[in-house]
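Residue-level listing of the chains:
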Amino acid sequence: MAVTDQQCKKNISGVLIAVLGLEQVIANLSKPEIRTDAISWHRFSGGLNLVLLVLLFLSGSVMAFYYSPIPGTAYDSVDFALFSLPFGETIKGIHHYSWNILLVVMGLHLVRAFVVGAYKPPRQLVWISGVILLVIVPMFIVTGDLLPWDQKGYWSTRVRLSIIQSIPFIGDLAVRFLQGGPLTGIVALTRFYALHTLFLPGLLLLLMGIHFHFIRYRGLSEPLFGEEKSVRRISFLPGILNRWLILFIIVSVALGFISHYWTVPLGDPADPTDSSYIPKPEWWVLFLNQLVAIFKGSLSVMGTVIIPGGLFGLLAALPFLDRSAERDPARRIVVMIIAAVILFGMTGLSLMGYIEHFVSTGKQ
Amino acid sequence: MAQRIIISLGILLMVVFIRLMNPDQLSADGDVLIIDAMHSAEAPKGLDDEIWRQLRPIQVPVEGRGELSRAGEYVNTRAVYTDDSIYFYLQWKDPTRSITKQSWQFDGNRWFHMSGNEDRIALLFEITRIDKFASRGCAATCHSPADLSKEQWRLATSRASEKGDLWHWTAARSDPYKYADDGWLTVAGNPSGSYRKTGRRNDAGSGGDINNQTEDGLRPLYIQDPGRKPSATGFLLQEDAVKIQDYSMFKPGDVIPFRLPVKPDGSRFDVKAESRYHNGHWNVLLHRKLNTGHEDDVIFNPKKRYSFAMAVFDDSGDDHSKATKALLLIFRH
């Protein structure tokens, strides 16, 4: 139900809107109407992604107040923010858990969109912009990992940079750009910090704007079954926004409790001379790590570039590879089997990596 | 029903996922040995408390150089913390109980220092971060490379901003008062005292010991006050001592301690101790408030991890065996 001028002016918020001259904005936000089936429990992932991204932005902004991007002080500044500030552990925890959960929810979002054929016309560009967004998030993680200047972040970055360096033609240039020199030192930390807090958020906002633009003008995917397109509809404001705010509060409180009871650990300070440290890959990168481990020597480019790049290309090009109008997964057998094989392969590689790094080492 | 199963599975997956997201809580970085501090609702009642039998000790390997380069020796280490304090139970093999610490002995004509020193154990924590301490342990503070003569070794940090918290239990000097001398570590160059070339400093307050000798350094100055019962059997404490008035009363073979422990007080007396030498082993319990409120002490926050180092001294003044691995204290909830 749209908010009318009369309703606006009846309460304090209405007065505020009038004072700020936002009547037109509110009216525009009230116009879009969304089917109620689009806000059912199994279609929450898009809204949850946005909740997590906002939490990441807010918690990251607070952490930035106390962060010092210099190798000699970066660790201490994170240590101070984490353990000496009131609610420091909660803020750091929300940031940490949010990106982990974001990866899962984005994965679910992608899987659901794939299964229901949401990439089919006319929503091809919604899909493509979403796939690109999915790639941006790991870039945040990679650049953010180095910032605490702890052993894990430092040596994980060294490993990643060596992988990037092995990419033919552009590897050296990319590492020189990221590192700013031959060593992972103060210039690298400054660049990673700038990428993490300025460049990537800007890029993310741009891509989110594009993603929402296409959602707005191409619409959400229709239900797979049944033709009841005339089901009940609610306006974006206040219907959707209020629900999103409730979700935001619930997730914030839940992550706050989790952060309090499972404090995010801060590893030992980075020691660039301690080559005995072997970083363990994080859960989300286990399958990529296994690919690198499998393809060695002259074949390493397979594990570092060709297979991951091919998967990304396949995902992005999906709307153009599967051009039939059919959305029912039961009638898209070939596509579903290919996807299942890829998913099975990724899961298998991840399990292998988990066993290799977390079980067989006996250190956990 | 199906919805309940999905919700239950979801909660289970969430817990597993949280553990997966925090692998560092379970493991150490690199070649580091973890000492788990287990939480206890009640404070351990000394060395014989049941809780020490329930905990599996972590064997901290220690090795020295020269005469002390005996591989295969270790300090059995257990740690417990309460809401208020932290406790370390340290046990190590030592064939002899050494508390002589250069005591005076009279041979009928003159006084001389007996051979023999004392047994000791020291722990070092970071008050502020010490560069590379987490990965190298006390090697980051003990400048004792193999190509440097022993006289040139220094216990110190590299920068004034780096501060360590040093707990020093000594069998002859601190044990009589049941404490470990609490000091701190900074850059070398202490302008006064016997440690003037190291970075060791005493915490605020009194403690330590004084030399029991006359101005010419040829004989003892103090003896146990005959009118007082010794506060610590077998030791001569400064507070129990009186000046010797008549040296003719001594017989050949008489022994008088050379180092007189001074009654500790203030921040220097923060680390309390209990000890027992039994069956060729030292058993030492050290405990301290998690937060003493003193700026010359490390503040223990059970949510943090703490790198630390350990050194054992066997009847020695300087030579010691140090932990061969960097140590990491993790508080388990």
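Residues numbered from 1 in each chain as written. Chains lettered and ligands numbered in written order. Predicted model: local features only at pLDDT ≥ 70, side-chain atom pairs only at ≥ 80, totals over all residues.

*Asks:* Just give me the short version of the overall build of chain B, but keep the residues and values in it.
*Replies:* For chain B, the helix and strand inventory stands at three helices and 20 strands. In chain B, which comprises 333 residues, the share counted as buried stands at 41%. (Helix = DSSP H or I, 4+ residues; strand = E, 2+ residues; numbered from the N terminus. Buried ≥ 20, exposed ≤ 12 C-beta atoms within 10 Å, placed from the backbone.)

*Asks:* Which residues make up the overall build of chain A, and what are the values?
*Replies:* Looking only at helices and strands, chain A has 15 helices and two strands in total. Since a compact globule built from 364 residues should have a radius of gyration of about 21 Å, the 23 Å found for chain A is in line with a globular shape. Counting only C-alpha atoms, chain A reaches 70 × 55 × 40 Å along its principal axes. Considering chain A as a whole, with its 364 residues, one finds that 30% of them fall into the buried category. Residue pairs in contact within chain A that sit at least 24 positions apart in sequence constitute 76% of those at least 6 positions apart. (Rg over C-alpha atoms; globule rule 2.2 N^0.38 Å. Contact = placed C-beta atoms within 7 Å.)

*Asks:* Residue-level account of the packing of helix α12 (residues 286–294) of chain A against helix α15 (residues 333–359) of chain A, with values.
*Replies:* All names here are of chain A. Viewed as axis vectors pointing N to C, α12 and α15 meet at an angle of 80°, and their least axial separation amounts to 7 Å. Considering the angle they form, α12 stands roughly perpendicular to α15. Residues L286, F287, N289, Q290 and L291 of α12 lie in contact with α15, whose contacting residues are M346, L349, S350, M352, G353 and Y354. When its residues are assigned to classes, the contact of α12 with α15 shows seven nonpolar, four polar and no charged. (Axes fitted to C-alpha atoms, helices over the stretch in contact; angles between N-to-C directions. Parallel < 35°, antiparallel > 145°, perpendicular 65-115°, else oblique. Nonpolar A, V, L, I, M, F, W, Y, C, P; charged D, E, K, R; others polar.)

*Asks:* I'd love a proper account of the sheet that holds strand β14 (residues 255–256) of chain B, names of residues and values included.
*Replies:* Residues and elements named next belong to chain B. Pairing is antiparallel in the open sheet, where three strands are placed in the order β6-β5-β14. The strands lining the two open edges of the sheet, one partner per strand, are β6 (111–113) and β14. Alignment of strand β5 (residues 104–106) against β14, held across two bridges, turns out to be antiparallel. The residue of β14 that forms the bridge with W104 is I256. (Pairing = 2+ DSSP bridges.)

*Asks:* Lay out the confidence of the model for chain A with the relevant residues and their values.
*Replies:* Looking at chain A, pLDDT values average 88 and 93% of them are 70 or higher. For chain A, the element scoring lowest by mean pLDDT is helix α1 (residues 5–10) of chain A, at 57; helix α4 (residues 45–66) of chain A scores highest, at 95. (pLDDT = per-residue confidence, 0-100.)

*Asks:* Before we move on, can you summarise the domain arrangement of chain A with the specific residues and values?
*Replies:* Looking at chain A, the domain boundaries give domain 1 (1–31), domain 2 (35–278) and domain 3 (281–364). A C-alpha centroid distance of 33 Å is found between domain 1 of chain A and domain 2 of chain A. (Domains from an automatic or database assignment.)

*Asks:* Can you break down the environment of B:F133 residue by residue, with the values?
*Replies:* Residue and element names in this part refer to chain B. Turning to its location among the elements, F133 is positioned in helix α3 (residues 133–136). Spatially, the C-alpha atom of F133 lies 7.8 Å from that of F308, the residues being 175 residues apart in sequence. Beyond its immediate sequence surroundings of up to four residues, F133 is in contact with E126, A140, T141 and S307.

*Asks:* Residues and numbers for unusual backbone geometry, please.
*Replies:* Residues A:P121 and A:P122 are joined by a peptide bond in cis, for which omega reads 10°. With respect to the secondary-structure elements, A:P122 resides in the loop between α6 (88–115) and α7 (124–146). The phi angle at B:K178 is positive, at roughly 55°, despite the residue not being glycine. Among the structural elements, B:K178 can be located in the loop between β8 (164–170) and β9 (179–185).

*Asks:* Let's hear about the packing of α4(A) against helix α11 (residues 236–261) of chain A: which residues, and what values?
*Replies:* Residue and element names in this part refer to chain A. Where α4 contacts α11, the axes come no closer than 10 Å and their chain directions differ by 55°. On the basis of the axis angle, α4 is oblique to α11. Where α4 crosses over α11, the handedness of that crossing is right-handed. Between α4, through G47, L48, V51, V54 and L55, and α11, the contact on the second element is made entirely by W244, L247, F248, V251, S252 and L255. Across the contact of α4 with α11, the residue classes tally to nine nonpolar, two polar and no charged. (Left-handed = near helix turned anticlockwise from the far one by under 90°.)

*Asks:* Break down helix α5 (residues 71–83) of chain A for me, with residues and values.
*Replies:* All names here are of chain A. Across its 13 residues, α5 extends 19 Å between first and last C-alpha, which sits within 8% of the 18 Å expected from 1.5 Å per residue. Taken together, the buried positions of α5 are occupied by A74, Y75, V78, A81 and L82. Angular distribution of buried residues about the axis of α5 spans 135°; they occupy a single face of the element. (Expected span 1.5 Å × (residues − 1). Arc of directions from axis to C-beta.)

*Asks:* So, the nonpolar core: which residues are in play, and what are the values?
*Replies:* All names here are of chain B. With 55 residues, the main nonpolar core has L124, L286, M310 and L327 as its most contacted residues. Counting residues per element, this core draws most heavily on strand β18 (residues 305–313), which supplies seven residues. Setting aside anything within four residues of it in sequence, one finds L124 in contact with C138, T141, G164, L166, L185, F308 and A309. (Core = buried A, V, L, I, M, F, W, Y, C linked by C-beta atoms within 7 Å.)

*Asks:* So, the pairing of strand β2 (residues 58–63) of chain B: which residues are in play, and what are the values?
*Replies:* A regular strand places its side chains on the two faces of the sheet in alternate fashion. All names here are of chain B. Bridge analysis of β2 against strand β3 (residues 73–81) gives five bridges, and the strand direction is antiparallel. Among the inter-strand pairings, V62 is bridged to a residue of β3, identified as E73. The sheet contact formed by β2 and strand β19 (residues 321–323) spans two bridges and is antiparallel. Bridging across to β19, V62 finds its partner in A323.

*Asks:* Which residues make up the pairing of strand β17 (residues 281–289) of chain B, and what values do they have?
*Replies:* Residues and elements named next belong to chain B. Across nine bridges, the pairing between strand β4 (residues 85–93) and β17 is antiparallel. Paired with I86 across the strands is R288, a residue of β17. Taken together, the seven bridges between strand β16 (residues 271–278) and β17 define a ladder with antiparallel strand orientation. The partner of E274 across the bridge, within β17, is L285. Taken together, β16 and the strand that follows it, β17, pair antiparallel across an intervening segment of two residues, in which N279 is found at a positive phi of about 55°.

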